[in-house]
Amino acid sequence: MAEISIIVPVYNVEKYIRRCIDSLIAQTFKSIEIFLIDDGSTDNSGAICDEYALKDGRVKAIHKKNGGVSSARNVGLDNATGTYIMFCDSDDYVDPTWCEKLYNSIIKRGFYSACGYAIVNGEGEMDLVGETPHFRYTGSVSTDSERLLFLYNHGLFRMIWNAIFKLSIIKTYGIRFREEYSRCEDTLFAIEYLLTKEGNIDYIEEKLYFYTREIADSLTNRIPHNYWNGELSWLRRIRTLMYAYDIDFICYSNKYYSQVLYAVLTALNGITSEQEELKTLLKRVKKVFRTPECKDALKNGDFSDINTIYTVILRMRSSFLVWIFHHITRFKHRYLEP
């Protein structure tokens, strides 16, 4: 039986999948099993998974009907036999010591450990457009509460691919990926795991994971219809998590309000761009404005980088003016700007 089960959801990534699998096979820690969960790919990704499964007995290819990344990861959890679980996205890759160093860390702490990561472009080069996070502990960070606060304030536990988990804890508490959400499902998974408090938290400063970000990613992609519900779920759970570790809200309020405000702005952008009746869209905007989290963020958040006019509109919580502002902005961007 392998000590570590690595779960890799795969969907139409023939451009990157070999690089990902090669980096996993090259791990210095050899007691691993690699689950390639082909989520109904329509390109050659599935065939490439089968190819590697034939070459290396530690690689197991599973093919399923398309159901999304959460569904694929849950299939991986159902099949995993390792003592520990790690996750890797199929368009990313890892350092050869990724498994070894996180394994040694969780053995020492016994519960959860995360590592640093770097952002790379499609060719695997460091992304000079965005910041590549690298954070060091400052001062005395000796308790689990201090470690958790450090990881949260530096955005290092929202992901699952830079961490290692214990499979027995996942199974005991029935922790699963929420298949109804297309975003933040990994954050909710990490939060539910940490809420069990079954051991100690650790962090490795080294960048052992390489996250691929294409230029066309993120803002140009369509924002999911249920985006706000997903964001609201993890934002509410984060307060529960911090309370469980006796962390005062004042210690993370700035980060929290920043995340809520970003979620609000993204949700409004997504809602106002959808092709629905204006009455329906305005109702959905009002629903966002009515949530306590949104009200608090609009009152206490940092608006220094937000358009002054839009800031006034947001604080007025006028759904109709929000709709007008977004449409004028899109028209200007599409037709008037070079």
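Residues numbered from 1 in each chain as written. Predicted model: local features only at pLDDT ≥ 70, side-chain atom pairs only at ≥ 80, totals over all residues. Heavy atoms only, no water.

### Let's talk about empty space enclosed by the protein
- Tallying each qualifying case throughout the model produces two cavities of 30 Å³ or more.
- Approximately 40 Å³ is the volume attributed to the largest cavity.
- Taken together, Ile223, Pro224, His225, Tyr227, Trp228, Ala267, Gly270, Ile271, Glu274 and Arg284 make up the lining of the largest cavity.
- Of all the secondary structure elements, the ones that give two or more residues to the lining of the largest cavity are helix H8 (227–244) and helix H9 (253–273).
- Top contributing element to the lining of the largest cavity by residue count: H9, with three residues.
- A per-class count over the lining of the largest cavity returns six nonpolar, two polar and two charged.
- For the second largest cavity, the calculated volume is near 30 Å³.
- Around the second largest cavity, the lining residues are Tyr181, Ser182, Arg183, Cys184, Asn226, Tyr227, Gly230 and Glu231.
- Grouping the constituent residues of the lining of the second largest cavity by class yields three nonpolar, three polar and two charged. (1 Å grid on protein atoms, 1.4 Å probe; cavity = no way out; pocket = protein on both sides within 12 Å on 5 of 7 lines; lining within 4 Å. Points joined across faces, edges and corners; volume = space filled by probe spheres on them. Helix = DSSP H or I, 4+ residues; strand = E, 2+ residues; numbered from the N terminus. Nonpolar A, V, L, I, M, F, W, Y, C, P; charged D, E, K, R; others polar.)

### Concerning a nonpolar patch on the surface
- A surface patch of nonpolar side chains, amounting to about 420 Å² of accessible area, comprises Leu278, Val312, Met316, Phe320 and Leu321.
- For the nonpolar patch, the elements supplying multiple residues, two or more each, are helix H12 (308–316) and helix H13 (319–336).
- Tracing the backbone shows Met316 in helix H12. (Patch = residues over 30% accessible without salt bridge, like charges linked within 9 Å, V, L, I, M, F, W, Y side chains within 5 Å. Areas by Shrake-Rupley, 256 points an atom, 1.4 Å probe, with all protein chains shown as cover. Salt bridge = Lys/Arg side-chain N within 4 Å of Asp/Glu carboxyl O.)

### Remarks on the sheet that holds strand E7 (residues 163–166)
- Strand order in the open sheet formed by eight strands is E3-E2-E1-E4-E7-E6-E8-E5, and the pairing between neighbours is mixed. Across the chains shown, the open sheet's two edge strands, defined by having one partner strand only, are strand E3 (59–64) and strand E5 (93–94).
- Sheet topology note: the strand E2 (residues 32–39)/E3 ladder contains six bridges and is parallel. Across the sheet, residue Asp38 finds its bridge partner in E3, namely His63. (Pairing = 2+ DSSP bridges.)

### Considerations on helix H2 (residues 45–55)
- Those residues of H2 that sit buried are Ser45, Gly46, Ile48, Cys49 and Tyr52. Projected down its long axis, H2 shows its buried positions confined to an angular sector of 160°, all on one face. For H2, exposure combined with an orientation more than 90 degrees from the buried face picks out Leu54 and Lys55.
- Elements in contact with the buried residues of H2: strand E1 (4–10), helix H1 (17–25), E2 and E3. (Buried < 20%, exposed > 50% of the residue type's maximum accessible area, 1.4 Å probe, protein only. Arc of directions from axis to C-beta. Contact = heavy atoms within 4.5 Å.)

### Remarks on the confidence of the model for the protein
- Of all residues in the protein, 89% attain a pLDDT of 70 or more, and the chain-wide mean is 89.
- Across residues 215–220, confidence stays below pLDDT 50; counting only partners more than four residues off in sequence or on other chains, it has three contacts. (pLDDT = per-residue confidence, 0-100.)

### Some points on a positive patch on the surface
- Among the surface-exposed residues, Lys279, Lys283, Lys286, Arg290, Lys295 and Arg317 lie close enough to one another that they form a single positively charged patch.
- Among the elements that take part in the positive patch, helix H10 (residues 278–290) stands out by supplying four residues, more than any other.
- Relative to the helices and strands, Lys279 is located in helix H10.
- With relative accessibility at 62%, the residue Lys279 sits in the exposed group. (Lys, Arg positive; Asp, Glu negative; His and termini not counted. Charge placed at Lys NZ, Arg CZ, Asp CG, Glu CD.)

### With respect to the nonpolar core
- Formed by 107 residues in total, the largest nonpolar core has its most connected members in Ile4, Ile6, Trp98, Tyr112 and Phe157.
- No other element matches the nine residues that H9 contributes to this core.
- Those residues in contact with Tyr112 that sit more than four places away from it in its chain are Ile106, Leu151, Leu156, Phe157, Ala163, Ile164, Phe165, Tyr193, Leu194, Asn200, Ile201 and Asp202. (Core = buried A, V, L, I, M, F, W, Y, C linked by side-chain atoms within 4.5 Å.)

### Some details on the packing of aromatic side chains
- Within this structure, the stated rule accounts for 26 aromatic pairs.
- Ring centres of Tyr112 and Tyr193 lie 6.4 Å apart, and the angle between their planes is 45°; on these two criteria the pair is classed as tilted. Of this pair, Tyr112 sits in strand E6 (residues 112–120) while Tyr193 sits in helix H7 (residues 185–194), placing them 81 residues apart in sequence.
- Tyr112 gets classed as buried once you look at its relative accessible area, which sits at 0%.
- Residue class for Tyr193 comes out buried when judged on its relative accessible area of 0%.
- For the ring pair Phe249 and Tyr257, a centre distance of 5.6 Å and an interplane angle of 85° mean the geometry is edge-to-face.
- One aromatic cluster is present, formed by Phe87, Phe111, Tyr112, Phe165, Phe177, Phe189 and Tyr193 through successive ring pairs. (Phe/Tyr/Trp six-rings, centres within 6.5 Å; stacked < 30°, edge-to-face > 60°.)

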